[in-house]
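Take a look at the letters that make up each chain.
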Amino acid sequence: PALMGGSADLTPSNKTFPKSETAYNPENKVGRYLHYGVREHGMGAIMNGLQLHGGVINYGATFFVFTDYMRPSMRLAALMGIQTIYVMTHDSIGLGEDGPTHQPIEHLSSLRAMPNMTVIRPMDANETAEAWKMALLRKDGPTTLVLTRQNLITVDRRPGNFTSADNTQKGGYVLTEDEGFDCIVVTSGSEVEIAIEAKAKLNAKG
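Now for a description of the structure that goes with this document. For clarity, every value in this text was computed on a predicted model and none was experimentally measured.

What counts and how
- Residues numbered from 1 in each chain as written.
- Predicted model: local features only at pLDDT ≥ 70, side-chain atom pairs only at ≥ 80, totals over all residues.
- Heavy atoms only, no water.
- Pairing = 2+ DSSP bridges.
- Helix = DSSP H or I, 4+ residues; strand = E, 2+ residues; numbered from the N terminus.
- Axes fitted to C-alpha atoms, helices over the stretch in contact; angles between N-to-C directions.
- Contact = heavy atoms within 4.5 Å.
- Buried < 20%, exposed > 50% of the residue type's maximum accessible area, 1.4 Å probe, protein only.
- Polar contact = N/O pair within 3.5 Å; in protein donor to acceptor, adjacent residues only side chain to side chain.
- Expected span 1.5 Å × (residues − 1).
- Arc of directions from axis to C-beta.

Comments concerning the sheet that holds strand S6 (residues 143-146)
Hydrogen bonds between backbone groups are what pair the strands of a sheet, and the pairing can be parallel or antiparallel. Within the open sheet, the six strands sit side by side as S2-S1-S3-S4-S6-S5. Their pairing is parallel. The open sheet has two edge strands, strand S2 (33-35) and strand S5 (118-120), and neither has a second partner. Shown here is a sheet whose adjacent strand axes are inclined to one another by a mean of 20°, direction ignored. Sheet topology places strand S4 (residues 84-89) next to S6; four bridges connect them, and they run parallel. When the sheet's bridge partners are listed, Met 88 is paired in S6 with Val 146. Where helix H3 (residues 67-80) meets the sheet, it contacts strand S3 (57-63), S4 and S6, and its direction lies at approximately 160° from that of S4.

Description of the pairing of strand S1 (residues 3-7)
Taking burial as the measure, the five residues of S1 include four buried ones, the bulk of the element. One ladder, built from five bridges, connects S1 with S3; its direction is parallel. Within S3, the residue paired with Ser 7 across the bridge is Ala 61.

Quick look at the environment of Asp 91
Along the chain, Asp 91 turns up in the loop between S4 and helix H4 (107-112). Residue Asp 91 is classed as buried on the basis of its relative accessible area, which comes to 4%. Discounting chain neighbours no more than four positions away, the residues touching Asp 91 are Phe 64, Pro 104, Arg 121, Val 146, Leu 147 and Thr 148.

Notes on the side chain of Ser 7
Along the chain, the position of Ser 7 falls in strand S1. Residue Ser 7 is classed as buried on the basis of its relative accessible area, which comes to 0%. For Ser 7, the side chain forms a polar contact with the main-chain nitrogen of Leu 10, separated by 3.1 Å. A polar side-chain atom of Ser 7 sits 3.4 Å from the main-chain carbonyl oxygen of Ala 61.

A short note on unusual backbone geometry
Positive phi is not limited to glycine here, since His 90 has a value of about 60°. With a phi angle near 70°, Asn 116 is a residue other than glycine that sits in the positive phi range. Tracing the chain through its elements places Asn 116 in the loop between H4 and S5. Taking the relative accessible area as the measure of exposure, Asn 116 reaches 33% and is therefore partly exposed.

Quick look at helix H6 (residues 191-205)
When the terminal C-alpha atoms of H6 are compared, their 21 Å separation across 15 residues agrees well with the 21 Å that a helix rising 1.5 Å per residue should span. Burial in H6 covers these residues: Val 192, Glu 193, Ala 195 and Ile 196. Down the axis, H6 shows its buried residues gathered within 160° of arc, on one side only. When the buried face of H6 is taken as reference, the exposed residues oriented beyond 90 degrees from it are Ile 194, Lys 201, Ala 204 and Lys 205.

Thoughts on the environment of Gln 169
Looking at the element boundaries, Gln 169 is found in the loop between S6 and H6. Each C-alpha atom of the pair Gln 169 and Glu 127 lies 9.1 Å from the other, and the pair is 42 residues apart in sequence. When sequence neighbours within four positions are dropped, the list of residues in contact with Gln 169 reads Glu 130, Lys 133 and Met 134. Here the side chain of Gln 169 touches Glu 130 through a polar contact of 2.9 Å, side chain to side chain.

The following block contains the structure:
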């Protein structure tokens, strides 16, 4: 019940408005969803204020490329060690029709370099659930969930196929392994599906 969140005018794209909730406004002060408008820096600053006030666990969403506009407030959250959760969607070159201006490339490494900022880039629905669990349990700093817009496979985690999604909490893990392998493929997020396909093609070539 303490969870409260919103989006910087990208709610339909971010898909962050729970169906069970209503939007906060002057007539509905029990609403737990905030429409921040086109103001990423303002959203980040308000999130910091909400968290410092106490009583809520808050998240804010926008396209990953727009972290450029809210970096100062994200950095302050990291410096203050407060539990803000950033839901950053439309990651990577798989974004598609919006073109290169909306394709975040250097943003991942720049956020990972920020002290006390946890950055998680899940590969499928199961890893995303684990990432949310990690963000909710982390009390001493902000967490950024970097998500794609693409439709991705949900990996079959039954024994003998791929390892368990709870390995996400390690930060990195071996998803699948063959005996006598000749190379190691390392990746994260939406590119894991591509890596799985590459593995199959390499094995087929013998």
